Amino acid sequence: MFVSYLILTLLHVQTAVLARPGGESIGCDDYLGSDKVVDKCGVCGGDNTGCQVVSGVFKHALTSLGYHRVVEIPQGATKINITEMYKSNNYLALRSRSGRSIINGNWAIDRPGKYEGGGTMFTYKRPNEISSTAGESFLAEGPTNEILDVYMIHQQPNPGVHYEYVIMGNNAISPQVPPHRRPGEPVNGQLVPEGRSQQEGKEKEGDQEKADARSGTPEMFTLESAQTFPVRQPDRFSLHRPDSVVPPAPQPPRQSRDHNWKQLGTTECSTTCGKGSQYPIFRCVHRNTHEEVPESYCDLAMKPTPEEEPCNIFPCPAFWDIGEWSECSKTCGLGMQHRQVLCRQVYANRSLTVQPYRCQHLEKPETTSTCQLKICSEWQIRTDWTSCSVPCGVGQRTRDVKCVSNIGDVVDDEECNMKLRPNDIENCDMGPCAKSWFLTEWSERCSAECGAGVRTRSVVCMTNHVSSLPLEGCGSNRPAEATPCDNGPCTGKVEWFAGSWSQCSKSCQGGFRVREVRCLADDMTLSNLCDPQLKPEEKESCNPQDCVPEVDENCKDRYYNCNVVVQARLCVYNYYKTACCASCTRVANRHSGFPGSR
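Rules behind the numbers
- Residues numbered from 1 in each chain as written.
- Predicted model: local features only at pLDDT ≥ 70, side-chain atom pairs only at ≥ 80, totals over all residues.
- Heavy atoms only, no water.
- UniProt positions renumbered as here; feature names shortened; annotations may be inferred.
- Helix = DSSP H or I, 4+ residues; strand = E, 2+ residues; numbered from the N terminus.
- Contact = heavy atoms within 4.5 Å.
- Areas by Shrake-Rupley, 256 points an atom, 1.4 Å probe, with all protein chains shown as cover.
- Disulfide = S-S within 2.5 Å.
- Buried < 20%, exposed > 50% of the residue type's maximum accessible area, 1.4 Å probe, protein only.
- Core = buried A, V, L, I, M, F, W, Y, C linked by side-chain atoms within 4.5 Å.
- Salt bridge = Lys/Arg side-chain N within 4 Å of Asp/Glu carboxyl O.
- Pairing = 2+ DSSP bridges.
- Axes fitted to C-alpha atoms, helices over the stretch in contact; angles between N-to-C directions.

For the protein chain, an unreviewed UniProt entry supplies the name Thrombospondin type 1 domain containing 4 and the organism Capra hircus. Under the heading Subcellular location (unreviewed entry), UniProt records this for the protein chain: "Secreted".

Colleague: So, the overall build of the protein chain: which residues are in play, and what are the values?
Modeller: A count of helices and strands for the protein chain gives five helices and 34 strands. Expressed as a percentage of contacts within the protein chain between residues at least 6 apart in sequence, the contacts between residues at least 24 apart total 66%. For the protein chain, the exposed area adds up to about 38000 Å²; of that, 51% sits on carbon and sulfur atoms.

Colleague: Explain the state of the cysteines to me, using residue names and the numbers behind them.
Modeller: Under the counting rule described, the total for this entry stands at 13 disulfides. Between the sulfur atoms of Cys284 and its disulfide partner Cys298 the distance amounts to 1.9 Å. Across the disulfide from Cys284 to Cys298, rotation about the S-S bond amounts to roughly 85°, and the bridge is consequently right-handed. Pair noted here: Cys284 is in strand S15 (residues 280-286) and Cys298 is in the loop between S15 and strand S16 (309-311), with a separation of 14 residues, a long-range link. Both residues of the pair, Cys284 and Cys298, count as buried.

Colleague: If you had to explain the nonpolar core to someone new, which residues and values would you point to?
Modeller: Counting residues in hydrophobic clusters, the biggest one holds 24 residues, and the most contacted among them are Ile80, Ile82, Leu94, Ile103, Phe122 and Phe138. In contact with Phe122, not counting residues within four places along its chain, are Ile80, Leu94, Ile103, Gly113, Lys114, Tyr115, Gly117, Phe138, Leu139, Ala140 and Leu148.

Colleague: Account for the environment of Asn528, naming residues and giving values.
Modeller: Here Asn528 is to be found in the loop between strand S33 (517-520) and strand S34 (539-542). Note: C-alpha distance between Asn528 and Val494 (34 residues apart in sequence) is 9.2 Å.

Colleague: Give me the lowdown on the pattern of salt bridges, citing residues and values where you can.
Modeller: Inspection of the entire model under this criterion finds 20 salt bridges. Residues Glu141 and Lys79 are paired through a salt bridge, measuring 2.8 Å at the closest nitrogen-oxygen approach. In this pair, Glu141 sits in the loop between strand S8 (137-140) and strand S9 (148-154) while Lys79 sits in strand S3 (residues 78-84), placing the two residues 62 residues apart along the sequence. Note that Arg111 and Asp321 form a salt bridge whose closest N and O atoms lie 2.9 Å from each other. Of this pair, Arg111 sits in the loop between strand S5 (101-103) and strand S6 (113-117) while Asp321 sits in strand S17 (residues 319-322), and the two are 210 residues apart along the sequence.

Colleague: Could you give me a rundown of the sheet that holds S5, with the residues and numbers involved?
Modeller: Pairing is antiparallel across the open sheet formed by four strands, whose spatial order is S2-S9-S4-S5. Edge strands, defined here as strands with exactly one partner in the open sheet, are strand S2 (66-73) and S5. This sheet shows a mean twist of 30° between the axes of neighbouring strands, independent of strand direction. Bridge count for strand S4 (residues 91-96) against S5 is two bridges, and the pairing is antiparallel. Bridging across to S5, Arg95 finds its partner in Ser101.

Colleague: Tell me what's going on with the pairing of strand S19 (residues 341-347), and back it up with residues and numbers.
Modeller: Counting buried residues in S19 gives five out of seven residues, a clear majority hidden from the surface. Bridge analysis of S17 against S19 gives four bridges, and the strand direction is antiparallel. Paired with Phe319 across the two strands is Arg344, which belongs to S19. In the sheet, S19 pairs with strand S20 (residues 350-353) via four bridges, with the strands oriented antiparallel. The partner of Val346 across the bridge, within S20, is Ser351. The hairpin formed by S19 and S20 contains two residues between the paired strands, and Ala348 there has a positive phi angle of roughly 55°.

Colleague: Any chance you could break down the environment of Ala348 for me, citing the residues and the numbers?
Modeller: Within the fold, Ala348 resides in the loop between S19 and S20. Separated by 72 residues in the primary sequence, Ala348 and Gly276 have C-alpha atoms spaced 6.6 Å apart. With residues near it in sequence (within four places) discarded, Ala348 still touches Gly274 and Lys275.

Colleague: Residues and numbers for the side chain of Gln345, please.
Modeller: Position of Gln345 among the secondary structure elements: in strand S19. Of the residues examined, Gln345 reaches a relative accessible area of 14% and is grouped as buried. Discounting chain neighbours no more than four positions away, the residues touching Gln345 are Pro315, Cys316, Pro317, Ala318, Phe319, Arg350, Ser351, Leu352, Val354 and Arg358.

Right, dumping it as structure tokens:
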């Protein structure tokens, strides 16, 4: 009966194949002419109501460096997509609730690739860091068999992480199993059982044939009826039964005690090293001759269930795991880029970072390399030197220097090599300036109303033009600033007496000096009979010339931005007063005069 049913099935399949050239398509249920498609829930012919799409964006502002949890992926999730909104220096990480790191754990960054975890395979993508602005991502079809946590290794502001996954609803229509499924293969994470015993198989097959005869549809397996069983290695595919044919109940194959199940080797190991898995192969053989016979000669219910066995448990040879190149350190011209090179070893489908000496049998790839994204812009001198800023002595002159791109546009100076920038300012020496003594007229009045006194005048060494440059002196032949005078004997007069002038309050930029003036009688006693209009001055200005700052070779600015220290008024602190000595001294002199001016 089984052979007849198989022939009818093959004829049905052949008829369908021959009918395909007519232009009809095959739906997701493998029926010719069917228009059924798989919806987002993975249900063939579904209406997207059997599941729930969970999505969102993690936008929290993070302040501390390290691992921060982004989202929890529940058990049973499918169509998992975790993606950074755009490229950053952060990294995504994945860990199970049991504490096992799956991707980028323990501060070790894994290279892009496929990683097993939570019962599914995750694809870790990190786009090219130079040419792409896309961020990192985790992708997995699922379903997961445990709760997983997604983390961000925070190093710079969070660009946002988009997450999305699908979970089956309580009343969801379970995905239908395609007719070409092998017995015991997973159905959306579950395994469909084969007959637990020959009798059970007969009863189920008979019931199903009655149902098929009534409905005219093939057998469909759902999650509600599925249970978990050890995976077998099937010997043949299951085929569709024709809709229009109801085969008779199959007869049990002839079985004898002369035959039994025997292990004839194992499957090939899943890996060549690093702990793989393999399964024993059981065949029906003659008890005495051990000759292999069809499985129908043995009791299917007594066939042992193949159990996974470890194989090739020795570690794989260590290898150098090469990361992506970093961005070039220069936007133009010759720069440097870096990449991470780790010694890794695979064991039990996990790539582990090991000590570098394990890779000493291999030449270590370079971790740095030169790079050049484009040709740099160049400096151009746009104008000739200007005239010197002074007619004599040492001054300055300038010229216009610009950074120009390779297409002739003026760009920011940073686009050019600052070390090669031509000077746009320099000193110029116009030769020595002529200097001479400048004198005022002698004072009209003698310093004493009677007796010996003096008349004074001011004497200043100056250049013969307006200049702010310091003077080097007019020589030692300085004209006298005072001359004697005598208004006759003082007998019988009353008169004003003046003391000596005090030291000038400033050595430059205009100060003043004072003296004491008293009215004395002939007997040198104080009197108030002196003419007030003849009273000598008690105060006068002095040292009107510009100040020349004293140069202290040890007083220098140690930093280029000391002007910021001055603007922030930090010169009152000893640290900044020392670090920015020249700038702090200049501003102090502007407000209170130069040292030695009092």
